[in-house]
Amino acid sequence: MSTTYELTHLQALEAEAVHIFREVVATSPRPVLLFSGGKDSVVMLNLALKAFWPAPLPFPVMHIDTGHNFDEVIEYRDAVVDRLGVRLVVSSVQDDIDSGRVVEESGVGASRNRLQTAALLRGIADHGFGAVFGGARRDEEKARAKERVFSFRDEYGRWDPRNQRPELWNLYNGRHRKGEHIRVFPLSNWTELDIWRYIRDEAIELPSIYYAHRRSVVARDGMLLANTRFLTLSEHEEPVQMRVRFRTVGDATCTGCVESDARTPDEVVDEIAATRVTERGATRADDRISEAGMEDRKKEGYF
Amino acid sequence: MGPLLRIATAGSVDDGKSTLIGRLMYDTKTIFTDQLAALERASSERGEAAPNLALLTDGLRMEREQGITIDVAYRYFATPRRTFIIADTPGHVQYTRNMVTGASTADLALILIDARKGVLEQSRRHAFIASLLGIPHLVVCVNKMDLVDWSKERFDEVREEFRRFSLKLDVQDLSFIPISALHGDNVVGRSAESAWYEGSSLLHHLEEVHVGSDQNLVDARLPVQYVVRPHQDFRGYAGTMAGGVLRPGDEVAVLPSGCTSRIARIWGPGGVPVQDAFPPQTVTVELDDHIDVGRGDLICRPNNRPHVGQDLDATVCWLSDRSTLTPGATYLVKHTSQLVRTSVEHLNYRLDVNTLHRDESAGSLTFNEIGRIRLRTQEPLHYDPYKRNRGTGSFVLVDEVTNNTVGAGMIIGPAAQQPADVVWHAPAVSRDQRATRGCTVWITGLSGAGKSSVAAELERRLVAAGRPAYLLDGDNLRHDLNSDLGFGRADRAENVRRTGAVAKLFADSGAVAIVSLVSPYRQDRDAVRAAHAAAGIDFVEIFLDTPLAVCESRDPKGLYARARAGAIRGFTGIDDAYEAPLDPDLVLRPSDGDPAALASAVLARLDR
């Protein structure tokens, strides 16, 4: 039998991510993994478990809870945490609203998306986390295409795109002072299609809303928003029943769904391979704020 | 979907690089309709009639506003044959740092040349950096061929000009493709415009180029990144293969200890059994023996080891705009999974990246400058020359105060001997090339202090751990080498000098020379230490501080009794002085434990 000594591209991406997880745990005293129940964070958690096999996950996971969740995702989150025996930390936007640290938007189009930054930074500070794993990918958005795998955050959680540390070979520099932290993106080089192929190949379970189902939706700004108890409808908006699935999962008020018949990972892979619209373009109202929407939020400390 | 190809591109807006990347992404259906719509919207806001493909790659608002690219951007596209990651960097000299960053992980470099302008300074700089960073494949796209009427003569001219320059570089695989990025000629498909061109289109070339054999599959290297130890029955050494192939059953050595063992099992991520571990796989290795292995250690084959040493020469690119590199400065060096402090001993020269001229009068390296330096690290690194292995030959320098990454280094090899140090024939084998690094352990103390017991145990333990060691016992040496010497002050000094010289040779050959000798006079011992220091060999002085009363009560050879009886004259401790070391590297006392415990203390000191 001849051996080619060549990895498939998914194996190469997996190896890169595993290397990153091990590097952080070996050099950073208090890492945490951001876990929303979204597919990227699910794949990330899966990779983290594989990196430390047969040992248990050597760090907790943290959910930034907007309070506007899809019920299926919260059920999924709790089931996964329970099954794997990982420690879950929740930092909640509602707490910030209740204590007056942030003020909630109201009316049609109101969203807690931007308020997540406060809950995220508070969660990091409260627990003294020094390294925070995030599931962001460079193919998602223009500002993210320029972010490092190990991305330095100052004491205010801010990202300074002009002052990023050069990142060469696989030599990552996560050194920081107390109060500062490092965001780490093990999935930087993965695309949406890579994520789905990996989910398919590894038979990774996802929240049910990633697959086609019937639900009540409202068309708004060219997107289909789920008609949940969190959404305020304008008087002209009329919910309709449609067969849809979600390509991303975030705050229920700003995450749109797409019409789809894809009920299995295989069918989703086929659907994405043929699609001509990016996942954030199709489904995220939060990215449509302006051409520099993501860049501005990242500078404030966003995911 | 085939394997991954990592591509580095460099160039400015003028030479059509952004257009080429946009073309590749669009023609492989990677640009989505909403991205295109956003692009058209942004272009029209700027008053441009056609969609400006450059806007796709300029991610940050500042870049869009100023029409420049300031950083490395990563792009992704795929064909049914292969998946591609493009590290897209600006081409101006101010951005050497970004080019080096993008090139560090690339399999292939894409260089664009405007057919009308020919080989510019910038093209030469890109080619030089690609060669410096050891990118195995170089593809030169001669762009805007439509503007020179697809002239074969012009293409040949540019190709010859570039080829002449590239002879000065270390380029393994060089290809030239005539293209028009704007119109898509020879980008994805072959163009009808260039009937004279017999090569493949750019995309076809990228899909076909063979990179599997670019990895070093000869020198097995596994830097230990993390020790996985969930319970008593599992101890796994996790890391990313940096070279060669390892298989279960293979004999291995672990550096820096030199301990040898055998691979019991290899696990992939998630516990998949692995039969052949090769780069860049991430694996967890179990060994047959319970030897002490930690992060920063390196697993290799016993008969194929990297250099181990603290003095090394390297090419470095300075990445910081807030500080300069000057000789004498100290930094942290991050190399594989090692992180150690280092000083910059010497700046040999600064390299002009445009002319390749070496400026030996340079006193410092500033932002974006490249030069050759000599480092002295506080702990030994296990490394290979960068040309032989990018994984074990690369490092970054980190500023200890700001924690910023300030330099990128490529190791040339062990520091060349300075002429002043060569007082005899320069050896063909340097110390760093030997399998192990030796030193001298000098155990001094009164007769009966327990030196021989500790020394014998130390030797046994070192050899058991696979580390060459040899015991030079004072009594034994008096049987041959020193058989002509007595116990007078001058003879004792000569005894110490000869023993010290022999120990130095053993240590130089890579062994741990263990000397067990009363060596009562401070001046003699210090002379041996100085001779070691001059040769750059570690000398560890150990004072076995057993009180005279204890030694005398032991009296293993009956010598104290004879000295007390006056049968021996000038006996150390009785009627001749013992000068205890003023600043020994280690002091051992009987209260510290039995000879085995004392030997452990010495071992712990050696491992520091």
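These lines cover the structure that appears in this document, whether it is placed above or below. (Residues numbered from 1 in each chain as written. Chains lettered and ligands numbered in written order. Predicted model: local features only at pLDDT ≥ 70, side-chain atom pairs only at ≥ 80, totals over all residues. Heavy atoms only, no water.)

**Some words on the overall build of chain B**
To keep it simple, the criterion reads: Helix and strand assignments follow DSSP, with helices taken as H or I runs no shorter than four residues and strands as E runs no shorter than two, numbered in order from the N terminus. Based on C-alpha atoms, the radius of gyration is set beside the globule rule, defined as 2.2 Å times the residue count to the power 0.38. When a residue's accessible area, from a 1.4 Å probe over protein chains only, is under 20% of the maximum for its type it is buried; when over 50% it is exposed; and in between it is partly exposed. Note on definitions: a residue-residue contact is assigned when non-hydrogen atoms from the two residues lie within 4.5 Å. Surface accessibility follows the Shrake-Rupley procedure with a 1.4 Å probe radius. Residue values consider only the protein chains on display as shielding. His is not counted, nor are the chain ends, whereas Lys and Arg count as positive and Asp and Glu as negative. In this description, the location of a charge corresponds to atom NZ of lysine, CZ of arginine, CG of aspartate or CD of glutamate.
Looking only at helices and strands, one finds 16 helices and 25 strands in chain B. For chain B, the C-alpha radius of gyration of 32 Å lies well beyond 25 Å, the compact-globule estimate for 608 residues. Taken over the C-alpha atoms alone, chain B extends approximately 110 × 55 × 40 Å along its principal axes. Across the 608 residues that make up chain B, the buried fraction comes to 55%. In chain B, once contacts between residues fewer than 6 apart in sequence are set aside, the share between residues at least 24 apart is 71%. Accessible surface, chain B: about 25,000 Å² in total, of which carbon and sulfur atoms supply 50%. Taken together, the 68 basic and 78 acidic charged side chains of chain B have centroids lying 2 Å from each other.

**A word on unusual backbone geometry**
Apart from glycine, the bulk of residues carry a negative phi angle, and the bulk of peptide bonds sit in the trans form. With an omega of 0°, the peptide bond running from tryptophan 53 of chain A to proline 54 of chain A counts as cis. In this fold, proline 54 of chain A is placed in the loop between helix H2 (39-52) and strand E2 (61-65). Its identity is not glycine, yet aspartate 555 of chain B carries a phi of approximately 35°, on the positive side. For aspartate 555 of chain B, the location among the structural elements is in the loop between helix H14 (548-554) and helix H15 (559-564). What makes aspartate 555 of chain B buried here is its relative accessible area of 15%.

**Brief notes about the pattern of salt bridges**
All names here are of chain B. We count it as follows: Salt bridge, as used here, is a side-chain nitrogen of Lys or Arg placed within 4 Å of a carboxyl oxygen of Asp or Glu.
For the structure shown, the criterion picks out 60 salt bridges over all chains. One salt bridge in this structure joins arginine 154 and glutamate 157, with 2.7 Å as the shortest N-O distance. A residue pair is termed a helical-turn pair when its members lie 3 or 4 positions apart in one helix, as arginine 154 and glutamate 157 do in helix H7 (residues 152-166) at three residues. Of the residues examined, arginine 154 reaches a relative accessible area of 19% and is grouped as buried. We note a salt bridge from arginine 388 to aspartate 219, for which the minimum N-O separation is 2.6 Å.

**Overview of the interface of chain B and chain A**
Filter applied, for reference: Two parts placed together each lose some accessible area under a 1.4 Å probe, and the buried area is that loss summed for both. A 3.5 Å cut-off defines polar contacts: any pair of N or O atoms within that distance qualifies, except that in protein one atom must be a possible hydrogen donor and the other a possible acceptor, and neighbouring residues in sequence count only when both atoms are side-chain atoms. Gly is placed with the polar residues, together with every amino acid not listed as nonpolar (Ala, Val, Leu, Ile, Met, Phe, Trp, Tyr, Cys and Pro) or charged (Asp, Glu, Lys and Arg).
Contacts between chain B and chain A engage 83 residues on the former and 60 residues on the latter. Interface of chain B and chain A: buried area, both sides summed, is about 6,300 Å²; carbon and sulfur atoms make up 58% of it. For the pair chain B and chain A, the number of links is 22 residue pairs in polar contact (both at pLDDT 80 or more). Broken down by class, the residue content of the side of chain B that touches chain A amounts to 41 nonpolar, 27 polar and 15 charged.

**Considerations on the side chain of serine 180 of chain B**
Within the secondary structure layout, serine 180 of chain B lies in the loop between strand E6 (173-178) and helix H8 (202-208). Not counting chain neighbours up to four residues away, the residues in contact with serine 180 of chain B comprise Asn143, Lys144, Asp146, Trp150, Asp185 and Val187 of chain B.

**Remarks on empty space enclosed by the protein**
All names here are of chain B. Here is the rule: A cavity here means a set of points on a 1 Å grid, drawn over the protein atoms and nothing else, where a 1.4 Å probe fits but cannot get out; a pocket is an open set with protein on both sides within 12 Å along at least five of seven lines, and a residue lines either one if it has an atom within 4 Å of a point. Grid points are joined across faces, edges and corners, and a volume is the space filled by probe spheres set on the points.
Applying the stated criterion across every chain, the model contains four cavities of 30 Å³ or more. Volume-wise, the second largest cavity comes out at about 100 Å³. For the lining of the second largest cavity, the secondary-structure elements that each account for two or more residues are strand E1 (4-11), helix H5 (96-103), strand E4 (108-114) and helix H6 (121-132). Residues of the lining of the second largest cavity, tallied by class, amount to ten nonpolar, four polar and no charged.

**Focus on the nonpolar core**
Heads up, the condition is: Residues grouped as a nonpolar core are buried Ala, Val, Leu, Ile, Met, Phe, Trp, Tyr and Cys residues, joined through side-chain atoms within 4.5 Å.
Among the nonpolar cores identified, the biggest contains 77 residues, and Phe21, Leu33, Val43, Phe59, Trp190 and Trp196 of chain A are the most heavily contacted of them. Sorting elements by how many residues they give to this core places helix H1 (residues 9-27) of chain A first, with nine residues. Tryptophan 196 of chain A has contacts with Lys39, Leu206, Tyr210, Tyr211, Arg245, Pro265, Val268, Val269 and Ile272 of chain A, leaving out every residue within four places of it along the chain. Within the second largest apolar cluster, 46 residues are counted, among which are Ala10, Ala109, Leu138 and Val140 of chain B.

**Details of the environment of leucine 133 of chain B**
Inspection of the secondary structure puts leucine 133 of chain B in the loop between H6 and strand E5 (137-143). Here leucine 133 of chain B falls in the buried class, since its relative accessible area comes to 0%. Residues leucine 133 of chain B and threonine 101 of chain B lie 32 residues apart in sequence; the distance between their C-alpha atoms is 9.3 Å. Those residues in contact with leucine 133 of chain B that sit more than four places away from it in its chain are Trp169 of chain A together with Val100, Ala103, Ser104, Tyr386, Arg390 and Met410 of chain B.

**Overview of the sheet that holds strand E25 (residues 586-588) of chain B**
All names here are of chain B. To keep things clear, this is the line we draw: Following DSSP output, two strands are said to pair if at least two bridges run between them. Every angle, taken between N-to-C directions, lies between 0 and 180 degrees, and every axis is a line fitted to C-alpha atoms, over only the stretch in contact when it is a helix.
Read from one edge to the other, the open sheet built from five strands follows the order E22-E23-E21-E24-E25, with strand pairing classed as parallel. At either end of the open sheet lies a strand with only one pairing partner, and these are strand E22 (469-473) and E25. With direction set aside, neighbouring strand axes in the sheet form an average angle of 20°. Taken together, the five bridges between strand E21 (residues 439-444) and strand E24 (residues 539-544) define a ladder with parallel strand orientation. Bridged to valine 441 within E24 is valine 540. Contacting E21, E22 and strand E23 (512-516), helix H12 (residues 489-508) runs over the sheet at an angle of about 145° to E21.

**Digging into the environment of phenylalanine 70 of chain A**
Residue and element names in this part refer to chain A. Position of phenylalanine 70 among the secondary structure elements: in the loop between E2 and helix H3 (71-84). With 174 residues separating them in the primary sequence, phenylalanine 70 and valine 244 have C-alpha atoms 14 Å apart. Sequence-distant contacts of phenylalanine 70, defined by excluding residues within four places in its chain, comprise Ile209, Arg215, Ala226, Thr228, Phe246, Val249, Gly250, Ala252 and Thr255.

**Here's the deal with the side chain of histidine 532 of chain B**
All names here are of chain B. Relative to the helices and strands, histidine 532 is located in helix H13 (residues 522-535). For histidine 532, a relative accessible area of 0% corresponds to the buried category. In contact with histidine 532, not counting residues within four places along its chain, are Thr440, Gly500, Ala503, Lys504, Ile537, Asp538 and Phe539.

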